[in-house]
Amino acid sequence: MKQIDDTIFRLNIYRSKCSFCKHFDWDTCTCKAYPTYIPDAYVEGDKIHDTVQKDQEGDFVYEPET
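Because the structure is predicted, anything quoted here is derived from the model rather than measured.

Colleague: Before we move on, could you go through the environment of Q56 and cite the residues and values that matter?
Modeller: By secondary structure assignment, the location of Q56 is in the segment after α2 (40-43). For Q56, a relative accessible area of 9% corresponds to the buried category. Considering only alpha carbons, one finds Q56 and Y34, 22 residues apart in sequence, at a separation of 5.7 Å. When near neighbours in sequence (up to four residues on either side) are disregarded, Q56 contacts A33, Y34, H49 and T51. A polar side-chain atom of Q56 sits 3.0 Å from the main-chain amide nitrogen of Q53. From its side chain, Q56 meets the backbone oxygen of G58 in a polar contact 3.2 Å long.

What follows is the structure, given as structure tokens:
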């Protein structure tokens, strides 16, 4: 069963660093580390993705847009 992408509804732009990260893609609400689905803890702002995780792609972590 395909997972419904509800990231745009889960994204808390006031708490989450995702929307300020250079790896975040507003068109798809994904990022280079999580190209299909960003975990709730990051997109909702409960955690900052500042260390590489086992479930992610590559070694991308939060980097502020310049």
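Colleague: Got a sec to walk through the environment of C31? Specific residues and values, please.
Modeller: Within the element layout of this structure, C31 appears in strand β2 (residues 30-31). Separated by 29 residues in sequence, C31 and F60 have C-alpha atoms that sit 8.9 Å apart. If near-sequence neighbours (up to four positions away) are discounted, C31 is found in contact with H23, F24 and I38.

Colleague: For the state of the cysteines, give the residues involved together with the corresponding values.
Modeller: Counted by the stated rule, this structure contains zero disulfides. Not engaged in a disulfide, the cysteine C18 finds its nearest cysteine sulfur in C31; these two sulfurs lie 6.4 Å apart. On the accessibility criterion, C18 (14% relative accessible area) is buried. Note on C31: relative accessible area 14%, which makes it buried.

Colleague: Quick rundown of the nonpolar core? Include the residues and the values.
Modeller: Nonpolar side chains tend toward joint burial in soluble globular proteins. The biggest cluster of nonpolar side chains holds eleven residues, and these are L11, C18, C21, F24, C29, C31, A33, Y34, I38, Y42 and V43. In this structure C18 touches L11, F24, I38, Y42 and V43, once residues within four positions along its chain are discounted.

Colleague: Account for unusual backbone geometry, naming residues and giving values.
Modeller: One non-glycine residue, C29, lies in the positive phi region at around 55°. If you trace the backbone, C29 turns up in the loop between β1 (24-25) and β2.

Colleague: Explain the pattern of salt bridges residue by residue, including any values.
Modeller: Taken as a whole and assessed by the stated rule, the structure comprises two salt bridges. Put simply, K22 and E63 hold a salt bridge, and the shortest N to O gap is 3.3 Å. Of the two residues, K22 sits in the loop between α1 (7-10) and β1 while E63 sits in the segment after α2, which places them 41 residues apart along the sequence. The class of K22 is partly exposed, set by a relative accessible area of 48%.

How each quantity is defined
- Residues numbered from 1 in each chain as written.
- Predicted model: local features only at pLDDT ≥ 70, side-chain atom pairs only at ≥ 80, totals over all residues.
- Heavy atoms only, no water.
- Helix = DSSP H or I, 4+ residues; strand = E, 2+ residues; numbered from the N terminus.
- Buried < 20%, exposed > 50% of the residue type's maximum accessible area, 1.4 Å probe, protein only.
- Contact = heavy atoms within 4.5 Å.
- Polar contact = N/O pair within 3.5 Å; in protein donor to acceptor, adjacent residues only side chain to side chain.
- Disulfide = S-S within 2.5 Å.
- Core = buried A, V, L, I, M, F, W, Y, C linked by side-chain atoms within 4.5 Å.
- Salt bridge = Lys/Arg side-chain N within 4 Å of Asp/Glu carboxyl O.

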